[in-house]
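Examination of the molecular architecture
Spelled out from the first residue to the last, the chains are:
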Amino acid sequence: MGQPSISILLHELIKLMYHAGVKDPIFFRLGTCGGLGVEPGTVVITTEPLNGMLEPVHMTPILGKRVDRPAVLSKELANELIALSEPSDTFKIVAGKTICTDDFYEGQGRMDGAFCEYTEEEKFTFLKLARDKGVTNIEMESLAMASITHHVGIKCGIICVTLLDRLKGDQINQSKKTLEEWQDRPMVIATRYIKRYLTENGHLIENIENKPKPKKTIGCPDCVNLQKMNKMSMDDGESSNSSTSSVGSDSASGGASGAKNLSNTSESTSGKSTNSEFGCLPGCSVIVSSVDYLQRVLDESSGVD
């Protein structure tokens, strides 16, 4: 949370992009914010981040010196994100400037902190001034996000959903269910952009759900090794009908710890699926549900739908 954390993340991510040889990446910041004169639940596309002085400048002390860097976002990308609104949407998408602060309470004009040295009138005077200058929301990351990405030439978009209107109060009064639904909205817009981008660049496989998927056999190393050993024994004419086998022993895994017992029966160890579906023997102590979940995520994400 906040600009120091986003700065660390961006430095590491930019280095990763460089060493991975990624060309022209596009970064997105998705999250929540406080609205300014907009209805709660509204998705805001930031056009220009401002500091607490209402300037599009990110100030960073470096080696005892003040370094000011412009906070600039791609107008082209912002316009593309705004255009992703659909008639069936149950929420609005608006564009506007964003105030980015280093403080949640005084920096954002809240009056419910440990102390407050300004009046409610002064608070609303500032917020209304910001609104008149085109500010639609307040958060704590956009300024650093914009200045750092602009500094290295990376295109960046900032998509946030408002949880309240700061011109009407400081408290969030929505239910948990409503807030969870609202928090998905920035991801909806980002996903639309990614899908359109992949489609226009010929990277998206359409109707992948109608294509047959190859059956993959996966399993934990112990079960895979045991099945290989059993197959070798059968090839050599040796009996492998023992009711219980030990995996991870000195003879099978060089004395590795964490040995587990496997029962060579056909009984299911899960209410919905057996271990053998994932390449493990029935009775394996590996939790099937976790493998099941991973396989399901991989299957569902393969269509980029």
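For the structure, see preceding data.
Residues numbered from 1 in each chain as written. Predicted model: local features only at pLDDT ≥ 70, side-chain atom pairs only at ≥ 80, totals over all residues. Heavy atoms only, no water.

Of regular secondary structure, the protein possesses nine helices and nine strands. For the protein, the residues scored as buried account for 36% of the 305 residues in total. The long-range share in the protein, meaning contacts at least 24 apart out of those at least 6 apart in sequence, stands at 73%. In the form shown here, the protein has an accessible surface area of approximately 18600 Å², with 54% of it arising from carbon and sulfur atoms. (Helix = DSSP H or I, 4+ residues; strand = E, 2+ residues; numbered from the N terminus. Buried < 20%, exposed > 50% of the residue type's maximum accessible area, 1.4 Å probe, protein only. Contact = heavy atoms within 4.5 Å. Areas by Shrake-Rupley, 256 points an atom, 1.4 Å probe, with all protein chains shown as cover.)

Strand β2 (residues 43-50) sits mainly inside the fold: six of its eight residues count as buried. Sheet topology places β2 next to strand β5 (residues 93-100); seven bridges connect them, and they run parallel. For valine 43, the partnering residue across the bridge sits in β5 and is isoleucine 93. Here three bridges tie β2 to strand β7 (residues 155-165), and the two strands are oriented antiparallel to one another. Bridge pairing in β7 places isoleucine 45 opposite isoleucine 159. (Pairing = 2+ DSSP bridges.)

Once that is clear, we can look at the layout of surface pockets. Its boundaries defined by the atoms lining it, the largest pocket holds a volume of some 430 Å³. Taken together, 24 residues form the lining of the largest pocket, with Gln3, His58, Met59, Asp102 and Leu143 sitting closest to its centre. Elements supplying a minimum of two residues to the lining of the largest pocket: α1 (3-20), β3 (57-62), β4 (65-70) and α4 (142-152). Of the residues contributing to the lining of the largest pocket, the split by class is nine nonpolar, 10 polar and five charged. (1 Å grid on protein atoms, 1.4 Å probe; cavity = no way out; pocket = protein on both sides within 12 Å on 5 of 7 lines; lining within 4 Å. Points joined across faces, edges and corners; volume = space filled by probe spheres on them. Nonpolar A, V, L, I, M, F, W, Y, C, P; charged D, E, K, R; others polar.)

Now for the pattern of salt bridges. Under the definition given, this model contains 13 salt bridges. The closest approach of N and O atoms between aspartate 68 and arginine 66, which form a salt bridge, is 3.0 Å. A salt bridge links arginine 166 to aspartate 170; its shortest N-O distance comes to 3.1 Å. Like aspartate 170, arginine 166 is buried. A cluster of three or more residues bridged by salt bridges with shared partners is formed by Arg29, Glu139 and Glu141. (Salt bridge = Lys/Arg side-chain N within 4 Å of Asp/Glu carboxyl O.)

A few words on the nonpolar core. Counting 18 residues, the largest nonpolar core has Leu10, Ile14, Phe27, Met145 and Ile158 as its most contacted members. Of all elements in the fold, only α1, β1 (26-35), α4 and β7 reach the threshold of two or more residues within this core. Top contributing element to this core by residue count: α4, with five residues. When near neighbours in sequence (up to four residues on either side) are disregarded, isoleucine 14 contacts Phe27, Ile148, Val152 and Ile154. Leu77, Leu84, Ala190 and Tyr193 belong to the second-largest nonpolar core, a separate cluster that totals 12 residues. (Core = buried A, V, L, I, M, F, W, Y, C linked by side-chain atoms within 4.5 Å.)

As paired strands, β5 and strand β6 (residues 135-139) are joined by four bridges and run parallel to one another. The residue bridging threonine 98 from the neighbouring strand is asparagine 137, located in β6.

Below, the discussion takes up unusual backbone geometry. Its identity as a non-glycine residue notwithstanding, leucine 54 has a phi of 65°, on the positive side. The buried category is assigned to leucine 54, whose relative accessible area is 16%. Backbone geometry places leucine 63, a non-glycine residue, at a positive phi of 55°. Judged by its relative accessible area of 82%, leucine 63 is exposed.

A word on the sheet that holds β7. Sheets are built from strands paired through backbone hydrogen bonds, the pairs being either parallel or antiparallel. Here five strands make up a closed barrel; going around it, the order is β1-β6-β5-β2-β7 and the pairing mixed. With direction set aside, neighbouring strand axes in the sheet form an average angle of 50°. Across two bridges, β1 lies against β6 in antiparallel orientation. Note on β6: the bridge partner recorded for glycine 35 is asparagine 137. Packed on one face of the sheet, helix α6 (residues 185-200) meets β1, β2, β5 and β7 and runs near 155° to β1. (Axes fitted to C-alpha atoms, helices over the stretch in contact; angles between N-to-C directions.)

For the structure shown, the criterion picks out zero disulfides. Among the cysteines around cysteine 33, which has no disulfide bond, cysteine 160 carries the closest sulfur, lying 4.8 Å off. For cysteine 33, a relative accessible area of 7% translates into the label buried. Not part of a disulfide, cysteine 100 finds its nearest cysteine sulfur in cysteine 160, a span of 9.8 Å. (Disulfide = S-S within 2.5 Å.)

A few words on the packing of aromatic side chains. One pass over the structure, following the stated rule, counts three aromatic pairs. Between the aromatic rings of phenylalanine 104 and tyrosine 105, the centroid separation amounts to 5.1 Å while the plane-to-plane angle is 85°, which identifies the pairing as edge-to-face. For tyrosine 105, a relative accessible area of 37% corresponds to the partly exposed category. Ring geometry for tyrosine 193 versus tyrosine 197: centroids 6.3 Å apart, planes at 25°, classification stacked. (Phe/Tyr/Trp six-rings, centres within 6.5 Å; stacked < 30°, edge-to-face > 60°.)

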